[in-house]
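# Breakdown of the fold
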Amino acid sequence: MPKPSRRQILSALSTGFATLLAGCTAAPDESNAASTATAGGNSPTEPTQSVPEFPGNTTSDACPTFDYTAQVVCYEAVDPEAMPVVLVPETQTVQLDQPTDFTLRNRSGQQFKMNFYNWQLYKRVDGDWYHVMPQLVPEPLMSLESGEEHTWTLTVIRGRVSDGASVKGVEGTESLAVTALGGGHYAFAADGWFAAGSPQDSIALAAGFDLNADPLQLTPTDAIAETEWDGETLVARSTRGEVGNDGDEHDAYILERIDDSEPDADQVIIEQVVRDDQLRDAIALSREYDADRVRIEEFTSATPPFKLDDSRIYGFRGERYQVTTRAGHSP
């Protein structure tokens with residue numbers, strides 16, 4: 001599942017984050033446009049700063065490619081002391097319940113514009129990278145002055161998805177307590193651009209790390225109150241949502257297992273699936289009951305239901321699933 005676009009994020013979803021920053025604006029840096037008055041009355045503009053250069057190759061397989069940015073600076077590929085800006089991990093082996101710092105250092109001689117809320121977490125599975133979180137990001141424009149640092153502290157909390165709790169989103173600029181991550185290789189990242197450049201010159205700063213944890217197990221959430229068969233369809237009723245007017249009907253989230261001749265699917269990993277309650281429940285129930293068709297019935301205030309405009313096809317662990325939705329009043 002690719003990282004959500006800005007439009008998808010603003011409409012609330014389920015892996016580029018330079019797009020998030022593109023909507024931010026700020027006044028020009030006055031220090032770069034300073035003028036010096038002369039006796040003749042002219043005010044020639046001083047030469048503006050140029051974007052700092054990064055020595056050597058700055059990319060590595062230990063980090064995503066971030067195709068939407070102008071450059072990627074991966075900690076594993078560089079000498080951090082030689083970089084004008086770099087993201088430095090406290091450790092590259094993360095343990096459950098142990099806080100780990102990721103520190104962005106700016107030694108460029110100029111301001112680095114960014115959004116501290118827009119940290120990113122990716123996971124690599126079978127050679128491909130998948131955006132895991134965050135799914136929603138506030139969009140203030142912030143900056144890191146030359147000589148300053150900013151630290152995010154990531155704590156992967158021990159806990160089992162099999163407990164049935166919904167996985168909550170994480171938002172913050174410093175302390176990040178996350179759940180529902182299985183073991184494997186991840187990358188923590190942020191991005192921004194130099195004051196002498198523009199958002200189109202954005203630079204991704206990333207650092208890879210290995211998480212020492214057991215794999216996640218896919219189970220339904222505890223919102224599934226009951227299930228029954230309606231012909232060949234497994235019907236699951238959810239306690240999510242609130243009843244509106246008398247006579248309101250449940251909306252339907254319908255998942256169908258399809259064959260390999262169908263069009264390309266959005267490949268997803270379990271860390272993504274468990275962060276989408278309906279998708280999680282539908283796939284988990286399909287696998288548990290060996291059901292080719294699952295219909296989840298619940299109330300939702302979204303228009304269209306579950307915020308899914310069109311049908312989508314997902315690929316997960318060798319299977320393909322098509323998801324469609326239906327409003328309660330639909331035939």
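Predicted, not measured: the structure shown is a model, and the values here were computed from it.

### Topic: the overall build of the protein chain
- Within the protein chain, the regular secondary structure consists of four helices and 19 strands.
- Burial status across the protein chain gives 47% buried among its 331 residues.
- Split by element, the accessible area of the protein chain, about 16,000 Å² in all, is 42% carbon and sulfur.

### Regarding the nonpolar core
- By size, the foremost hydrophobic cluster in this structure holds 38 residues, and its most contacted members are Leu-104, Trp-152, Leu-181, Phe-188 and Phe-209.
- Elements with a minimum of two residues in this core: strand S2 (85–89), strand S4 (100–106), strand S5 (112–114), strand S7 (128–133), strand S9 (149–156), strand S10 (175–178), strand S11 (184–194) and strand S12 (203–212).
- Among the elements that take part in this core, S12 stands out by supplying five residues, more than any other.
- Not counting chain neighbours up to four residues away, the residues in contact with Leu-104 comprise Val-85, Val-86, Leu-87, Phe-112, Met-114, Leu-144, Glu-148, Glu-149, His-150, Trp-152 and Leu-205.
- Val-161, Ile-270, Leu-285 and Tyr-321 belong to the second-largest nonpolar core, a separate cluster that totals 27 residues.

### So, the confidence of the model for the protein chain
- With 80% of its residues at a pLDDT of 70 or more, the protein chain shows a mean pLDDT of 84.
- Confidence drops under a pLDDT of 50 for residues 1–47, and excluding neighbours within four residues, the segment shows 90 contacts in the predicted structure.

### Side note on the sheet that holds strand S14 (residues 233–238)
- Taken together, the seven strands give an open sheet; going across it, the order is S13-S14-S17-S15-S19-S18-S16, and neighbouring strands pair in mixed fashion. Of all strands in the sheet, those with a lone pairing partner are strand S13 (224–230) and strand S16 (266–267), marking the two edges.
- Of the strand pairs in this sheet, strand S18 (residues 312–316) and strand S19 (residues 319–326) are connected by five bridges, and their pairing is antiparallel. Opposite Arg-312, over in S19, you have Val-323 as the bridge partner.
- Helix H4 (residues 277–289) rests against S13, S14, strand S15 (251–258), strand S17 (293–298), S18 and S19 of the sheet, and its axis sits at about 50 degrees to S15.

### Observations concerning the state of the cysteines
- Tallied over the full model, the rule gives one disulfide.
- Here Cys-63 is linked by a disulfide to Cys-74, with a sulfur-sulfur distance of 2.1 Å. Because the sign of the S-S torsion sets the handedness, a value of about 70 degrees for the bond joining Cys-63 and Cys-74 places this disulfide among the right-handed ones. Pair noted here: Cys-63 is in the loop between helix H2 (17–22) and strand S1 (71–74) and Cys-74 is in strand S1, with a separation of eleven residues, a long-range link.
- Given the relative accessible area of 0%, Cys-74 is considered buried.

### Digging into the packing of aromatic side chains
- For the structure on display, the rule yields ten aromatic pairs.
- Taking 6.1 Å as the distance between ring centres and 5 degrees as the angle between the ring planes, the aromatic pair formed by Trp-119 and Phe-188 counts as stacked. With Trp-119 in the loop between S5 and strand S6 (120–125) and Phe-188 in strand S11, this pair connects stretches of sequence that are 69 residues apart. Residues Trp-119 and Phe-188 agree in their burial class; the two are buried.
- Where Tyr-186 meets Phe-209, the ring centres are 5.7 Å apart and the plane angle is 15 degrees; that geometry is what we call stacked. Here Tyr-186 is found in strand S11, whereas its partner Phe-209 is found in strand S12, with 23 residues between them in sequence. In terms of burial, Tyr-186 and Phe-209 fall into one category: buried.
- These aromatic residues form a ring-pair network of at least three members: Phe-102, Phe-116, Trp-119, Trp-152, Tyr-186, Phe-188 and Phe-209.

### Looking at H4
- Across its 13 residues, H4 extends 18 Å between first and last C-alpha, which sits within 8% of the 18 Å expected from 1.5 Å per residue.
- Counted residue by residue, H4 has ten buried out of 13 residues, so it is predominantly covered.
- Looking at H4, one finds that the buried residues are Asp-277, Gln-278, Leu-279, Arg-280, Asp-281, Ala-282, Ile-283, Ala-284, Leu-285 and Ser-286.
- Of the residues one or two after H4, Asp-290 is the one with positive phi, at around 50 degrees.

### A short note on the environment of Phe-112
- Tracing the chain through its elements places Phe-112 in strand S5.
- When neighbours within four sequence positions are excluded, Phe-112 is seen to be in contact with Val-85, Leu-104, Asn-106, Met-142, Ser-143, Leu-144, Asp-191, Gly-192, Trp-193, Phe-194, Ile-203 and Leu-205.

Quick notes on the rules
Residues numbered from 1 in each chain as written. Predicted model: local features only at pLDDT ≥ 70, side-chain atom pairs only at ≥ 80, totals over all residues. Heavy atoms only, no water. Helix = DSSP H or I, 4+ residues; strand = E, 2+ residues; numbered from the N terminus. Buried < 20%, exposed > 50% of the residue type's maximum accessible area, 1.4 Å probe, protein only. Areas by Shrake-Rupley, 256 points an atom, 1.4 Å probe, with all protein chains shown as cover. Core = buried A, V, L, I, M, F, W, Y, C linked by side-chain atoms within 4.5 Å. Contact = heavy atoms within 4.5 Å. pLDDT = per-residue confidence, 0-100. Pairing = 2+ DSSP bridges. Axes fitted to C-alpha atoms, helices over the stretch in contact; angles between N-to-C directions. Disulfide = S-S within 2.5 Å. Phe/Tyr/Trp six-rings, centres within 6.5 Å; stacked < 30°, edge-to-face > 60°. Expected span 1.5 Å × (residues − 1).

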